[in-house]
Amino acid sequence: MSETPKPEEGKAEKEAPKKGWLSRWRSKGDSANGTPEPEPASETLKPDEEEAKPEAEVEKEAEKTGWLSRLRAGLSKSTKRVTESISGLFTKKKLDQQTLDELEDALIQADLGVSVAARLVQKLGKERFGKEVTDEEVRAAFADDIAEILQPVATSLTIDPAKKPHVVLVIGVNGSGKTTTIAKLANLYKREGRKVMLAAGDTFRAAAVEQLKVWGDRAGVPVVAKDTGADAAGLAYEALERAKAEGYDVLLIDTAGRLHNKANLMDELAKIVRVIRKLDPAAPHSCLLVLDATTGQNAHAQVETFKTMSPVDALVLTKLDGSAKGGVLVALAEKFKLPVVAIGVGEGIDDLRPFEARAFARGLMGLA
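None of the values given here were measured: they were computed from a predicted structure.

Visitor: What exactly am I supposed to notice about empty space enclosed by the protein here?
Guide: A complete count under the given rule lists one cavity of 30 Å³ or more for this structure. Around the largest cavity sit Leu291, Leu315, Val316, Leu317, Leu329, Leu332 and Val340, which together line it. Of all the elements in the fold, those that place two or more residues in the lining of the largest cavity are strand S6 (314-318) and helix H12 (328-336). By residue class, the composition of the lining of the largest cavity is seven nonpolar, no polar and no charged.

This is the structure in structure tokens:
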């Protein structure tokens, strides 16, 4: 129970608000009718009246803000390449045909591709030709149009709970970032509460197996591995057999990096698919092609070739932070219409996240 204030204390408490009110009255002056204007009610709630957000929601918002900051930082090289070209063109007040042609060239040079560049510039010319326009308005218009292209492919990788496990085959050329991508995906799924297993199918490189084991330890997931030179298809079969027996939700299978123009290596990839289908005719349930953003337009040839040899149904783009060619993602989306399930902007285990079309488009165009 609170103590009853002493008379002196009560008087002091009454005088304080009175003096504060008189001071505010004098600072505001008289109202039109000579009466002091009433003080607006404070909108600040008392601590016990505040509607505090749930802790999980606050953490989620903070995490999203942190990811968007990393995304913008990761795209900085690509952003600089695009925005400097656009900004340098606006020495005139009105949008004319010469500027439109130069804008199209700038977009092509930024790896957005001929088709995308033509589409963006054509729409801009239709809406703003002959009108005054700033470089920021152009970048905002391009960002909206790019987001429109990307939105249909911005699809997260859905894990089917009916599959035990949901098998994800991860493929790509040498050095594309497959192994680290697998570890980062494992980390994402583990945080979602799923039971995850990794299969070190890059049996050609001892370093790849060891690397996956290290990442597996960091993510807290088991790794099925064999000695260097072991049959990759056989390893994938054994991993799937174990994952089924032990009730895993997800099995992520690494594969050896292979050049898309080497027929014998591509044939081995087809063999892995055939072998795991002996255990599960529907496997792999997802086949992710990992692309290195630094390869630029060469990524088109990789997608075309891998699609003929394996059931590619989604893309992951890595190393955006090390490239000025991030615009190639837009060109790939426009041409192949394959889902882009994740992008990577760093080496950390949390630097791979589901792809968000609008955030990427605005980041690429240097907009907050």
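Following the structure, the description resumes.
Visitor: Looking at this structure, I do not really get the sheet that holds strand S7 (residues 340-344). What am I missing?
Guide: An order of S3-S2-S4-S1-S5-S6-S7-S8 is seen for the eight strands of this open sheet, with the pairing classed as mixed. The outermost strands of the open sheet, each flanked by one partner alone, are strand S3 (223-224) and strand S8 (352-354). Bridge count for strand S2 (residues 196-199) against strand S4 (residues 250-253) is four bridges, and the pairing is parallel. Bridged to methionine 197 within S4 is leucine 251.

Visitor: Teacher, can you tell me more about the side chain of histidine 285 here?
Guide: Here histidine 285 lies in the loop between helix H10 (263-276) and strand S5 (286-292). Reaching out from histidine 285, the side chain makes a polar contact with the backbone nitrogen of valine 167 at a distance of 2.8 Å. A polar atom in the side chain of histidine 285 sits 3.0 Å from the side chain of aspartate 280. For histidine 285, the contacting residues outside a window of four places in its chain are Lys163, Pro165, His166, Val167, Asp280 and Asp313.

The rules behind the values
Residues numbered from 1 in each chain as written. Predicted model: local features only at pLDDT ≥ 70, side-chain atom pairs only at ≥ 80, totals over all residues. Heavy atoms only, no water. 1 Å grid on protein atoms, 1.4 Å probe; cavity = no way out; pocket = protein on both sides within 12 Å on 5 of 7 lines; lining within 4 Å. Points joined across faces, edges and corners; volume = space filled by probe spheres on them. Helix = DSSP H or I, 4+ residues; strand = E, 2+ residues; numbered from the N terminus. Nonpolar A, V, L, I, M, F, W, Y, C, P; charged D, E, K, R; others polar. Pairing = 2+ DSSP bridges. Polar contact = N/O pair within 3.5 Å; in protein donor to acceptor, adjacent residues only side chain to side chain. Contact = heavy atoms within 4.5 Å.

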